[in-house]
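# Results of the structural survey
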Amino acid sequence: MLAWRELRGGVRGLGMVVLCLALGVAAMAAVGSLRAGAEAGLAANGRQLLGGDLEIGTGSAPPPPALKAWLVTRGALLSEVIDLRTLLVAPDGARELVALRAVDSRWPLVGAPVLAPAQPLAAALARRDGRYGLLADPLVLRRLRLAPGAVVRLGTESFTLRAALVAAPDQAATPALFGAPALIARAALPATGLVVPGSIVGYALRAVLPAPADGPAVARALRAAFPNSGWRIRGPADAAPGVQRFVTETSLFMSLVGLTALLAGGIGVANAVRAWLAARAGTIAVLRCLGAPARLVFAVCLIQVAVLASGGILLGLVAGAALPVLARPWLDGLLPVAPLAGIYPLPLGLAALFGALTAASFALVPLGRAARIPGAMLFRSAAIGEGGPATAWPGGVVLGATACLALALTALVVATAANRGLALWFCAAALASLALFRLAAWGLVALVRALPRPGAMSVRLGLAALYRPGAQTALMLASIGLGLAALAAVSLIEGNVRRQVLQSLPETAPSFFFIDIQDDQLARFAALVGQTPGARGLATVPMLRARIVAVNGVPAGQVHPRPGTGWALRGDRGLTYAATPPAGTKLVAGRWWEPSYDGPPLVSLDARIARGWGVGIGGTIRVNVLGRDIDLRVANLRAVQWQTLRLNFVMVASPGLLAAAPHTNIATVFVPPAAEGRLLRRVNEALPNVTGIAVRGVLEQVAGLLRQIAAAVAATGSVAVLSGGLVLLGAVAAGQRRRIAEAVVLKTLGATRGQLRAAWLVEFGVLGLAGGAIAAAIGTAASFAVLRFVMHAGWAFLPGRLALTLLAALALVLVFGYTGTARALRGRPASWLRNE
């Protein structure tokens with residue numbers, strides 16, 4: 001009843017609890033809802049993305065008749081597709097890399113393509129007037145300035161562009177990073193001359209079953225019937241694994257940043273509760289003097305805080321559920337499958353639980369302290385606007401409950417994270433950061449005390465405010481520091497990745513990768529490169545397509561690799577052979593085979609991949625090359641620098657058996673930007689089956705994707721900073737009455753508004769610089785740990801971005817701090833002294 005009457009009378013001062021919790025919960029709810037919506041979109045469109053109920057990828061070998069017969073006997077309807085990358089040549093000679101797909105008459109088994117202008121698919125791809133039809137992504141049409149009806153060339157064959165391929169049902173399952181989609185009939189592919197022995201071609205067989213629910217059982221039976229095939233068998237649940245990993249990993253980082261905002265909000269809850277209790281000191285004193293036990297006072301205050309916290313959590317849930325809907329237009333350009341709009345109870349429930357645990361963890365201690373202070377002390381401290389000493393013992397029960405809540409919050413963070421190791425490190429780092437801010441506050445106070453007394457009164461007053469009784473130095477540092485540390489870490493991670501992709505790589509990366517060069521074309525290709533002004537650094541190596549079947553006798557599908565190494569087990573891998581170590585090879589274990597070696601096949605393996613797979617010198621990697629299983633014994637391990645984008649391979653085998661297998665060659669070359677188009681044109685005209693991939697174009701696409709990801713994470717980081725700003729306001733509000741009292745006394749003694757304003761600017765300026773420096777240090781350490789141990793990438797110190805963090809901290813503290821104290825300047829000494 002007492003709590004209800006207090007609520008009806010207003011709870012001025014607890015509004016900060018609502019805002020702080022609403023921001024943090026909104027960030028958590030929005031990230032969780034976005035992930036749930038994206039996963040629901042992938043699940044709802046799984047069959048369409050896959051192109052059927054099953055897809056059997058047979059790599060560089062066509063699906064054997066035995067596989068087709070096995071599926072047909074089970075009532076499956078089949079469609080075969082062939083994927084490769086090549087250059088589409090416009091009538092004016094301009095060229096564009098495309099991801100070409102050749103389809104049969106049954107494609108697509110599920111869904112339908114969208115063409116512009118609209119027309120039947122069979123008619124669009126059919127042979128008319130001596131040419132087959134071709135469909136291409138609108139992006140290709142814009143870049144090559146093409147319109148339907150144009151005559152284009154693939155390899156040695158001409159096609160008529162019949163329409164723009166606006167959307168294809170299985171397009172999301174094939175990333176367009178190395179070429180936008182293009183489509184032709186399977187019957188037209190042989191005339192192009194693009195498929196030759198050893199070409200980088202991917203074959204896949206799609207199947208629609210009489211009962212789609214039988215897909216998993218059929219897949220298991222298929223693996224048992226063809227145990228050593230090395231095929232990649234997928235169902236609708238893993239139709240787009242790359243998209244799924246992207247959603248999971250991005251949402252993980254955004255969730256941790258959002259959790260930082262929530263923790264900063266928790267500090268705001270503590271500040272707001274303390275300020276509210278300071279304003280209610282008289283009421284609490286009356287209750288205690290009238291005989292109210294500490295338990296009753298605690299219960300009354302707890303109920304009121306809980307009601308307000310519930311309102312903040314509810315407000316955050318509403319905002320978090322609405323944000324994914326509002327952001328959908330932007331997400332449509334980022335994800336190949338738009339998230340399904342809707343209310344997702346699980347992420348909203350988790351966000352609410354995070355908010356409730358955070359609020360309770362930070363609110364119990366100030367409530368426990370206020371409830372246990374004697375009434376007489378509250379009457380004395382009410383005169384200066386403090387709700388009792390901040391060091392009062394809150395009680396063993398309160399401290400125990402707070403510890404349990406903190407442990408529950410940590411367990412919830414770890415249990416719900418996709419990467420539990422990273423989440424556990426985050427919790428440890430958050431605890432260490434709070435401790436660091438506390439130590440920094442102690443050090444700052446000690447340093448300011450030890451400084452000589454400055455002559456300027458405003459400077460002296462501002463510095464003294466940092467260590468006066470009841471000063472909020474530690475809370476203010478933590479308030480601004482957590483959000484800024486998160487933003488600094490995000491900024492440094494994004495800056496390092498962009499630096500590697502856009503700045504470091506262009507200096508060392510080749511201009512082109514040329515693939516599918518036949519042995520008898522090498523001399524002609526080298527001559528074309530030599531005739532190009534400025535061309536240099538030509539390097540060629542043989543390449544085969546291989547699929548990893550087993551590692552040390554364990555089937556590839558049952559290997560549990562370390563994070564960051566599983567990609568090499570999926571799909572076809574490039575495999576080369578060499579008698580001597582390639583240029584730049586750095587062995588870290590074992591030794592290279594003799595140049596004349598002609599024994600059982602050996603392999604040199606990437607050292608990091610070897611550690612991730614748990615294989616060492618003498619281990620065995622079984623690969624499938626053109627349908628034949630070959631066991632490769634690990635002879636040595638190499639340190640591979642993938643970021644150079646030079647000719648690097650996970651596996652380099654010994655010559656002998658592999659040298660006799662059909663293969664092509666891959667080449668890299670450096671040319672000046674002005675000569676890139678000339679070289680590409682000359683190679684494509686002389687050797688139509690050879691495909692040139694411009695590294696610059698790929699880097700631009702990667703940069704665009706990084707910008708979009710960085711914008712999403714930075715938006716979440718800005719919520720953490722805003723939350724820190726609100727917490728700062730709450731910290732200032734906690735000592736508002738004391739500031740008013742000090743301002744009144746100082747103005748009575750002759751201080752001017754300008755002097756008081758300058759004193760507060762000095763106080764907040766020192767806090768801002770100290771908080772920014774600590775946030776920069778924490779952000780630097782966090783970015784280093786994420787890049788080196790999570791993303792396995794290089795790291796560099798970026799002082800410019802840290803300088804921006806310091807400036808942001810200073811501006812944030814000055815603006816929010818001064819806003820929170822402006823009321824003290826308006827206090828009239830006469831009226832205030834009469835009331836006291």
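Here is a short report on the structure shown in this document. Counting starts from 1 at the beginning of each chain's written sequence and moves along it residue by residue. Predicted model: local features are reported for residues with pLDDT of at least 70 only, side-chain atom pairs are reported and counted for 80 or more only, and whole-chain, interface and lining totals are derived from all residues. Only hydrogens and water are set aside; all other atoms, that is, all heavy atoms of the structure, feed into the side-chain values.

### Describing the packing of helix H18 (residues 522–530) against helix H20 (residues 673–686)
Convention followed: Orientation is described by axes fitted as lines to C-alpha atoms, over the contacting stretch for helices, and by angles from 0 to 180 degrees between their N-to-C directions. Here a strand is any run of E in DSSP of at least two residues, a helix any run of H or I of at least four, and the numbering for each starts at the N terminus. Angle categories are assigned with fixed cut-offs, so that under 35 degrees is roughly parallel, over 145 is roughly antiparallel, 65 to 115 is roughly perpendicular, and the rest are oblique. Whether a crossing is left-handed or right-handed is set by the direction in which the near helix is turned from the far one by less than a right angle, anticlockwise for left-handed and clockwise for right-handed. The contact criterion used is simple: two residues touch if any of their non-hydrogen atoms lie within 4.5 Å.
Closest axis-to-axis distance for the H18/H20 pair is 10 Å, and the angle between their directions is 155°. Comparing the axis directions of H18 and H20 gives the class roughly antiparallel. Relative to H20, the crossing made by H18 is right-handed. Residue-level inspection shows Arg-524, Phe-525, Leu-528 and Val-529 of H18 in contact with H20, the latter providing Leu-679, Arg-682, Val-683 and Ala-686.

### Regarding the environment of Gly-130
The condition is simple: Exposure categories follow from relative accessible area, calculated using a 1.4 Å probe and restricted to protein chains: below 20% of the type maximum is buried, above 50% is exposed, and the middle band is partly exposed.
By the secondary structure assignment, Gly-130 is in the loop between helix H5 (121–125) and strand E5 (132–136). A residue is classified by how much of its surface remains accessible, and Gly-130, at 44% relative accessible area, is partly exposed. Residues Gly-130 and Ser-158, spaced 28 residues apart in sequence, show a C-alpha to C-alpha distance of 9.3 Å.

### Points about the pairing of strand E20 (residues 664–670)
To be explicit about the condition: Any two strands with at least two DSSP-identified bridges between them are counted as paired.
Burial within E20 is extensive, with seven of its seven residues counted as buried. Side-chain alternation along E20 places Thr-664, Ile-666, Thr-668 and Phe-670 on one buried face and Asn-665, Ala-667 and Val-669 on a second face that is also buried. One ladder, built from four bridges, connects strand E11 (residues 512–517) with E20; its direction is antiparallel. Across the sheet, Phe-513 pairs through a bridge with Thr-668, a residue of E20. Two elements, strand E12 (residues 536–551) and E20, share six bridges in a ladder whose sense is antiparallel. Bridge pairing links Val-541 to Ile-666 in E20.

### A few points about the nonpolar core
Rules: Residues belong to one nonpolar core when they are buried, are Ala, Val, Leu, Ile, Met, Phe, Trp, Tyr or Cys, and are joined through side-chain atoms within 4.5 Å.
Core analysis: the largest hydrophobic core is formed by 73 residues, its most contacted members being Leu-317, Phe-354, Leu-367 and Leu-767. For this core, the leading source of residues is helix H8 (residues 241–279), giving 11 residues. Discounting chain neighbours no more than four positions away, the residues touching Leu-317 are Val-25, Ala-29, Leu-348, Ala-351 and Ala-352. One finds Val-98, Leu-144, Leu-146 and Ala-168 within the second-largest nonpolar core, a separate group that totals 42 residues.

### Side note on the packing of helix H14 (residues 396–416) against helix H15 (residues 420–450)
Pairs of packed helices are described in terms of their axes, by the angle between the two and the distance that separates them. Short version of the rule: Classification convention: Asp, Glu, Lys, Arg as charged; Ala, Val, Leu, Ile, Met, Phe, Trp, Tyr, Cys, Pro as nonpolar; all other residues, Gly among them, as polar.
Axis separation between H14 and H15 bottoms out at 7 Å; the angle between their running directions is 155°. Judged on the interaxial angle alone, H15 and H14 are roughly antiparallel. By crossing handedness, the relation of H14 to H15 is classed as right-handed. Counting all contacts with H14, which are made through Thr-410, Val-413, Val-414 and Ala-415, the residues of H15 involved are Arg-420, Ala-423, Leu-424 and Cys-427. For the contact of H14 with H15, a count of residues per class yields six nonpolar, one polar and one charged.

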